[in-house]
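The primary structure of each chain is shown beneath.
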Amino acid sequence: MTGENSNKDGEDGAAKNPWTLDRRTVLQLGGAGIASFGMLGMSSNVVSATTNCADGPFERAYSGETISLSELSSDETPDTDDTANASLSSSPLNPLSEDERESRRAAVRGQRPPTDAQQADMEVQRPNGDRLRVGAEYDGVNAEGTRGGVPSDSQIATNEEKHIHALNRQVAVFDKESGEQQLKVQLEDIWESVIPEPDGGFVSGSPFVFDPRARYDRNEDRFIIAAVQFQQGIAEDGSVIDREEIEEGADKPGLGEDEDASTAEESTPDPRPPKGYFVVAVSATDDPTGEWHVYRLPPENADGPDNLGLVDYPTLGLDRDAIYLTQNFFPNDGSDVRVSMVTLDKEAMYDGEAITAHHFDNLDNPTDDYLDFTVQPALQPFSGGSDGTYYMVNSVFPKTQETPLASTLTFWEVTDPIDDPSLECFIVEVDPYTSPPNARQPDSDTFIDPVGRRLMNADYNAETGSLWTAHATAIDWSGDGTLVSAIRWYEIDTESRSLVQSGIYGEPGHSYFLPTIGSNDDTTIIAHNVSGPNTFPRMDVAGRTEGFVQNQLEDAVVIEAGKSRYDYGEGMDVMRWGDYNGISVDPQTGHFWTVSQYSPDINIPPEAERRDPYHTRIAEVSFDWWFDHDQ
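Residues numbered from 1 in each chain as written. Predicted model: local features only at pLDDT ≥ 70, side-chain atom pairs only at ≥ 80, totals over all residues. Heavy atoms only, no water.

Turning to the overall build of the chain, a few remarks are in order. From N to C terminus, the chain includes eight helices and 38 strands. Residues classed as buried in the chain amount to 62% of the 631 residues present. For the chain, restricting intrachain contacts to residue pairs at least 6 apart in sequence, the fraction spanning at least 24 positions comes to 68%. Carbon and sulfur atoms provide 42% of the accessible area of the chain, an area that totals close to 22800 Å². (Helix = DSSP H or I, 4+ residues; strand = E, 2+ residues; numbered from the N terminus. Buried < 20%, exposed > 50% of the residue type's maximum accessible area, 1.4 Å probe, protein only. Contact = heavy atoms within 4.5 Å. Areas by Shrake-Rupley, 256 points an atom, 1.4 Å probe, with all protein chains shown as cover.)

Structure representation (structure tokens):
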């Protein structure tokens, strides 16, 4: 839950940024709304490749335990103001008229709808008038149904009958058809059997488990949940060493530190240093309410566990034979943040057996000016593994403020992940991007953090052999120096390791952020959030079909409009909206299920004891012409 914060907008709406006007000019890509017009040349060269991309692999073995999710289920929630929330009950399967849907689309298109020529191109590409349609939709777990943790960091994983909705500190199971919540479990309870209590006990009374990721393995009909555990430390003076202290002391990428953290003065070792761990769980069957096999493992190097610090922002991927975890590691000694990755034997995990893991540490691309951060492993259930290639990707971060722009992605390939894994990295040229400014919202001096330029996820389309991913960037739509956050999305051909297409999506005066992407057959969907000076934070979905105009998104729709400002207090000028959104392919229909956060019609003053809440919405979306919410 850490990230690179851009400078917030000034009072005149223009962002204060460290780069010059000449650098801003590079960002003036034309277009807005649905179309992603005006690329800067569609760079697609592979600059270099190397096998010296990381330390490792280091082979380790781990045992696990088996638990029953239904036996852990608890619906205990904090007390809420029933009067304030009486009008906010969930409305499963509430249909909207086409006029209402068109109104939502109009809200997305914003100030620059496609030109007549572009609209003509759209009609050629979709002669039947295909549009992004919304089917079943209902609220997921809302803030009032949690222990008050913000933000939600929502994820969704869907099989033929049920959803897993994972969010910070909780996991819930929903019936897919009715939208009924069937159970809810605290994250730390899932892994309690594999988390031993440290000497002196847990600082907070129980294990602290956060940042969940959820995936559904369509090839094996299993669910997977991953997260991280942070074991708070105790300093020499008896004070608690928490996450914030470690984050502030680390040499983080993208913030322009010129001073080598290794030159810092050595301090007295803490009597109980903080430690971080991966935690991962797999369902024993296709029923997520039944048994799960659970595991805990630290990052490793050649000498053994290397986890004195904060394991943060975990990612989760899979292929035919392996499960992949990566994370950003913040060392306790204040040295450089680094990225590590581990491959896990999927078959052994699905059988609840001890697993063999292969760890890689210090993932690093071959360029000199940029660092890797938040490496995203693909969702790739039908390929890769022992007789194929598995893919990961990340955007890059500058080592100093002198290079705020980047024009490459790092593309990773893993082979033979179970027996003898190898890791290679390649540099793929793309058009320039940089870190987005913070997002405005109405009726508030508090800004929303778009979580920088990091990629939100990566999805592999087996039909096309393409890897899809997206991130936020800064863009000056009007050319007057006013920057807002927009979405940059990519399709990468995995065979040639080159860019197929890419686009910028957004509109003047609004911030678009947290793009989470899914691609299946001929359709690609992006779940994201939008806010602006006159737009409360809302939940949107955009997408395209394979035959549509290159480099453009085909249609978009507002899933749930924001209804109030978002400000959970604590005296902060910038609020964290989330780390990512969720998207999952329905194995029956091929439709996409998305989950995201929006701001409900509740305004609690920042100085109040209660936090201003978020709500989440689960929605089914598709371009199918026959798709209808009544089906």
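Our focus in this paragraph is the sheet that holds strand β36 (residues 582–585). Across the sheet, four strands lie side by side as β4-β38-β37-β36; this open sheet has antiparallel pairing. Each of the sheet's edge strands pairs with one partner strand only, and the pair in question is β4 (133–139) and β36. Here the strands of the sheet are splayed against their neighbours by 20 degrees on average, with no regard to which way each runs. Relative to strand β38 (residues 615–622), strand β37 (residues 592–598) runs antiparallel, the two sharing seven bridges. Along β38, the bridge assignment pairs Trp593 with Glu620. (Pairing = 2+ DSSP bridges. Axes fitted to C-alpha atoms, helices over the stretch in contact; angles between N-to-C directions.)

In this structure, His163 sits in strand β6 (residues 162–167). With relative accessibility at 0%, the residue His163 sits in the buried group. For His163, the side chain forms a polar contact with the side chain of Tyr138, separated by 2.8 Å. Setting aside its immediate chain neighbours within four residues, His163 contacts Tyr138, Ile156, Ala157, Thr158, Ala172, Val173, Phe174, Lys176, Trp593 and Ile618. (Polar contact = N/O pair within 3.5 Å; in protein donor to acceptor, adjacent residues only side chain to side chain.)

On to the nonpolar core, then. Proteins that are soluble and globular tend to have nonpolar side chains buried together. With 35 residues, the main nonpolar core has Met341, Leu363, Met392, Trp412, Leu423, Leu467 and Ile492 as its most contacted residues. Elements supplying a minimum of two residues to this core: β18 (322–331), β19 (338–345), β23 (389–398), β24 (406–415), β25 (422–433), β27 (458–461) and β29 (484–493). The dominant element in this core, judged by the number of residues it contributes, is β25, at six residues. (Core = buried A, V, L, I, M, F, W, Y, C linked by side-chain atoms within 4.5 Å.)

Moving on: the environment of Arg538. Topologically, Arg538 is positioned in strand β33 (residues 535–545). With 26 residues separating them along the chain, Arg538 and Ser564 place their C-alpha atoms 9.7 Å apart.

What follows covers the sheet that holds strand β31 (residues 511–520). Spatial strand order, β31-β32-β33-β34: four strands in an open sheet with antiparallel pairing. The outermost strands of the open sheet, each flanked by one partner alone, are β31 and β34 (555–560). In this sheet, adjacent strand axes meet at a mean angle of 25 degrees when their direction is disregarded. Across eight bridges, the pairing between β31 and strand β32 (residues 523–532) is antiparallel. Bridge pairing in β32 places Asn520 opposite Thr523.

Turning our eyes to something else, we now look at the confidence of the model for the chain. Any segment with low pLDDT has predicted coordinates that should not be analysed in fine detail. Averaged over all residues, the pLDDT of the chain is 82; the fraction at 70 or higher stands at 78%. Note on residues 77–96: pLDDT is under 50 here. Beyond four places in sequence and across chains, it has 39 contacts. (pLDDT = per-residue confidence, 0-100.)

Attention now moves to the state of the cysteines. Evaluated as defined, the whole model comprises one disulfide. Covalently, Cys53 is tied to Cys425 through a disulfide, its sulfur atoms 2.1 Å apart. Handedness of the Cys53-Cys425 disulfide follows from its S-S torsion of about -90 degrees: it is left-handed. Separated by 372 residues along the polypeptide, Cys53 in the loop between β1 (46–50) and β2 (55–62) and Cys425 in strand β25 bring together distant segments of the chain. Using a relative accessible area of 0% as the deciding quantity, one classes Cys425 as buried. (Disulfide = S-S within 2.5 Å.)

Below, the discussion takes up the packing of aromatic side chains. According to the stated counting rule, one finds 12 aromatic pairs in the structure shown. Centroid distance Phe373 to Phe397: 5.2 Å. Interplanar angle 80 degrees. Geometry classified as edge-to-face. You can see Phe373 sitting in the loop between β21 (370–372) and β22 (376–379) and its partner Phe397 sitting in strand β23, a full 24 residues away along the chain. Through a chain of ring-to-ring contacts, the aromatic side chains of Tyr138, Phe174 and Trp593 assemble into a single cluster. The ring centre of Phe397 lies 5.6 Å from the NZ or CZ of Arg453, which sits over that ring. Over the ring of Phe426 we find Arg497, and its NZ or CZ is 3.8 Å from the ring centre. (Phe/Tyr/Trp six-rings, centres within 6.5 Å; stacked < 30°, edge-to-face > 60°. Lys NZ or Arg CZ within 6 Å of the ring centre and 35° of its normal.)

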